[in-house]
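Commentary on secondary and tertiary structure
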Amino acid sequence: MTRVCLITTGGTIASRRNETTGGVTASIAAADLRATLRDPLDGIDLEVDEFCNVGSYAFDLPLAFALAQRINERLADPGCDGVVVTHGTDTMEESAYMADLLLASDKPVVFTGAQRPADQPDTDGPRNIADAVRLAASPTARSLGVTICFEQEFHAARDVTKTHTTRVDTFMSGEHGKLGDVDGEHIAVQRRPTLRRTYAPTSVEPNIELIKLSMGTSDGYIRYAAANGSKAIILEAFGAGNATPAIAQAAAEIVAAGIPIILTSRCPRGRVKPIYGNGGGKDLEAAGVIFAGDLNGVKARILASVLLGPGADVDLRTELEFLGG
Ligand code: ASP
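Since this is a predicted model, take the numbers as computed values, not measurements.

The next subject is the packing of helix α3 (residues 92-102) against helix α8 (residues 297-307). It is the contact of α3 with α8, at a shortest axis distance of 9 Å, that shows an interaxial angle of 40°. Crossing handedness for the pair α3 and α8: right-handed. Along its contact with α3, which presents Glu93, Glu94, Tyr97, Met98, Leu101 and Leu102, the element α8 presents Val298, Lys299, Arg301, Ile302, Leu303, Ser305 and Val306. For the contact of α3 with α8, the per-class residue count stands at eight nonpolar, one polar and four charged.

What follows covers the pattern of salt bridges. Tallied over the full model, the rule gives 24 salt bridges. For aspartate 106, the salt bridge is made with arginine 142, and the minimal N-O distance between the two is 3.1 Å. Taken together, the residues aspartate 106 in the loop between α3 and β6 (109-112) and arginine 142 in the loop between α4 (125-136) and β7 (146-150) connect sequence positions 36 residues apart. The class of aspartate 106 is partly exposed, set by a relative accessible area of 38%.

It is worth spelling out the environment of proline 201 at this point. Position of proline 201 among the secondary structure elements: in the loop between β12 (186-189) and β13 (208-212). Separated by 23 residues in sequence, proline 201 and lysine 178 place their C-alpha atoms 29 Å apart.

Bringing the environment of threonine 2 into the picture now. Within the fold, threonine 2 resides in strand β1 (residues 2-10). As for threonine 2 and arginine 317, which are separated by 315 residues in sequence, their C-alpha atoms are 41 Å apart.

How two aromatic rings sit relative to each other is given by the distance of their centres and the angle of their planes. By the definition in use, this model includes one aromatic pair. Ring centres of phenylalanine 150 and phenylalanine 171 lie 5.0 Å apart, and the angle between their planes is 65°; on these two criteria the pair is classed as edge-to-face. Linking phenylalanine 150 in strand β7 with phenylalanine 171 in strand β10 (residues 171-172), this pair joins segments that are 21 residues apart in sequence. Sitting over the ring of phenylalanine 322, arginine 197 keeps its end group 3.8 Å from the ring centre.

This paragraph deals with the nonpolar core. Counting 49 residues, the largest nonpolar core has Ile71, Val83, Met98, Phe111, Ile262, Leu303 and Leu320 as its most contacted members. Beyond its immediate sequence surroundings of up to four residues, isoleucine 262 is in contact with Ile233, Ile234, Leu235, Val289, Ile290, Ala292, Ala300, Ala304, Leu316 and Leu320.

Turning next to the sheet that holds β1. Pairing is mixed in the open sheet, where eight strands are placed in the order β4-β1-β5-β6-β7-β8-β11-β12. Each edge of the sheet is formed by a strand with only one pairing partner; in this case those strands are β4 (44-54) and β12. Here the strands of the sheet are splayed against their neighbours by 20° on average, with no regard to which way each runs. Direction of pairing for β7 relative to strand β8 (residues 153-156): antiparallel, over a ladder of four bridges. Bridging from a neighbouring strand, isoleucine 148 pairs with histidine 155 of β8. Where helix α2 (residues 61-76) meets the sheet, its contacts fall on β1, β4, β5 (82-86) and β6, and the angle it forms with β4 comes to roughly 160°.

Let's shift gears to the pairing of β1. Taking burial as the measure, the nine residues of β1 include seven buried ones, the bulk of the element. Pairing analysis gives eight bridges linking β1 to β4, with the strands arranged parallel. Within β4, the residue paired with isoleucine 7 across the bridge is aspartate 49. The sheet contact formed by β1 and β5 spans five bridges and is parallel. The partner of cysteine 5 across the bridge, within β5, is valine 83.

This brings us to α3. Burial of α3 is extensive: 11 of the 11 residues sit out of reach of the surface. All of the buried residues in α3 are Met92, Glu93, Glu94, Ser95, Ala96, Tyr97, Met98, Ala99, Asp100, Leu101 and Leu102.

Here we take up empty space enclosed by the protein. All chains considered together, the criterion is met by one cavity of 30 Å³ or more. Every residue along the wall of the largest cavity is listed here: Ser265, Cys267, Pro268, Gly270, Asp294, Leu295 and Asn296. Its residues assigned to classes, the lining of the largest cavity comprises three nonpolar, three polar and one charged.

Each pair of packed helices can be summarised by the angle the axes make with each other and by the distance between the axes. Where α2 contacts α3, the two axes come as close as 9 Å, and the packing angle between them is 50°. With respect to their mutual orientation, α2 and α3 come out oblique. Remark: the crossing between α2 and α3 carries right-handed chirality. Taken together, the residues of α3 that come into contact with α2 (itself represented by Leu61, Ala64, Phe65, Leu67, Ala68, Ile71 and Asn72) are Ser95, Met98, Ala99 and Leu102.

What follows concerns the sheet that holds β13. Across the sheet, four strands lie side by side as β13-β14-β15-β16; this open sheet has parallel pairing. With partners counted over all chains shown, the strands left at the sheet margins are β13 and β16 (290-291), one partner each. Judged from the five bridges that link them, strand β14 (residues 232-237) and strand β15 (residues 261-265) form a sheet pairing that is parallel. Of the residues in β15, the one forming a bridge with alanine 237 is serine 265. Contacting β13, β14 and β15, helix α5 (residues 220-227) crosses the sheet at an angle of about 180° to β13.

Here is what the cut-offs are and how they apply
- Residues numbered from 1 in each chain as written.
- Predicted model: local features only at pLDDT ≥ 70, side-chain atom pairs only at ≥ 80, totals over all residues.
- Heavy atoms only, no water.
- Axes fitted to C-alpha atoms, helices over the stretch in contact; angles between N-to-C directions.
- Helix = DSSP H or I, 4+ residues; strand = E, 2+ residues; numbered from the N terminus.
- Left-handed = near helix turned anticlockwise from the far one by under 90°.
- Contact = heavy atoms within 4.5 Å.
- Nonpolar A, V, L, I, M, F, W, Y, C, P; charged D, E, K, R; others polar.
- Salt bridge = Lys/Arg side-chain N within 4 Å of Asp/Glu carboxyl O.
- Buried < 20%, exposed > 50% of the residue type's maximum accessible area, 1.4 Å probe, protein only.
- Phe/Tyr/Trp six-rings, centres within 6.5 Å; stacked < 30°, edge-to-face > 60°.
- Lys NZ or Arg CZ within 6 Å of the ring centre and 35° of its normal.
- Core = buried A, V, L, I, M, F, W, Y, C linked by side-chain atoms within 4.5 Å.
- Pairing = 2+ DSSP bridges.
- 1 Å grid on protein atoms, 1.4 Å probe; cavity = no way out; pocket = protein on both sides within 12 Å on 5 of 7 lines; lining within 4 Å.
- Points joined across faces, edges and corners; volume = space filled by probe spheres on them.
- Parallel < 35°, antiparallel > 145°, perpendicular 65-115°, else oblique.

Shown next as C-alpha cells:
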C-alpha cells in the first residue's frame, strides 16, 4: 500500500452555500471531503489531516509558513509516501511556492482545489483530488518539488498562476508550460523544474508590500510603505521593468536607507531587464533595485518573505537573481 496524507485547508473545494447568509463558505470537514471521492484509488491508503477550514483569500504569510511546516512534519514520517493539500485557488500558488521553498523532502507534494463548490452537481473537486492523490503516490513525481494539479495537468509552484476567475482550466504556467498530465492512472512528466532552492528559516518576514504601477502612479505609496515598516518592497512595474522618474528617485532613496526593492513586471510573461532611462530599468538598476527575472510579483513577495526570515542566512540579491531565472 502506498500511503498519502491529505491535508485540508478549506477553499471552494470544501465550500457550500450558507442558506442564511447566501455566502459560499468553507465548511466541509476533512473526513467529509474524503468521503466525496468516487474514485476507489486502488492501492493507495489516504489519511486525512485538517489543518484549517478557510477561504484562501483569508490566508496570510505566517499561516502559509505554518502549512509548509505541517507538510514537512507529515513527510518526515517514513510511512508517508506523499502529501496532497486541498486549498482555495485564489492564493494556492502563493502557499504552494512557500511550501516549495521550505520543502525538506523529495517526496511528492501536490496542491489542488476546485473552481465549483462542493454542493454543485458538476463540482470539479473530487476528480481533482483523485488526480492529485495519484500524482502524490507516484514515484515519478519525486523531486519535482511542490506542484499544483488541476484539470488533469500539473504545474511547478514557481511558474503556475491562476488565470481565470471561474473556469476549471484556470492554472497555467505561461511560457514555461505545465510539468505533465494525469490521465486516469497514467502519469506523464514532460519536464522537470530547474529553478529550485530550499531554505530553512524559523519563520517568514510578513512585512513586505507589493506595489503595482499604473500610468502616472505617484511615488506616495512606495514612500508610505518604506516609512511604515516594510522590510522589502516588490514593484510590479511596466513592461521590461520600468517605473516613473519619481518612483525611480524614491527607489534610490529607499534602497540607500537599507530597504531592498525587488523589481518584477506586470506583464504575465517575460523578464525584467535594465534597458530604459528616465525612470526605466536602467535607472532602477543604478538605484540598487534587485531584478527578479520572470518571477511574478506575488511569487517574488513569497520568495522575499522566506529569504528575509530569521535563520535563512542568505544573500537576497544572489538568491533572487538565481531563482528569477
Ligand atoms: N475561489 C476560491 C477557491 O477556489 C476561494 C478561495 O480561494 O478560497 O477556493
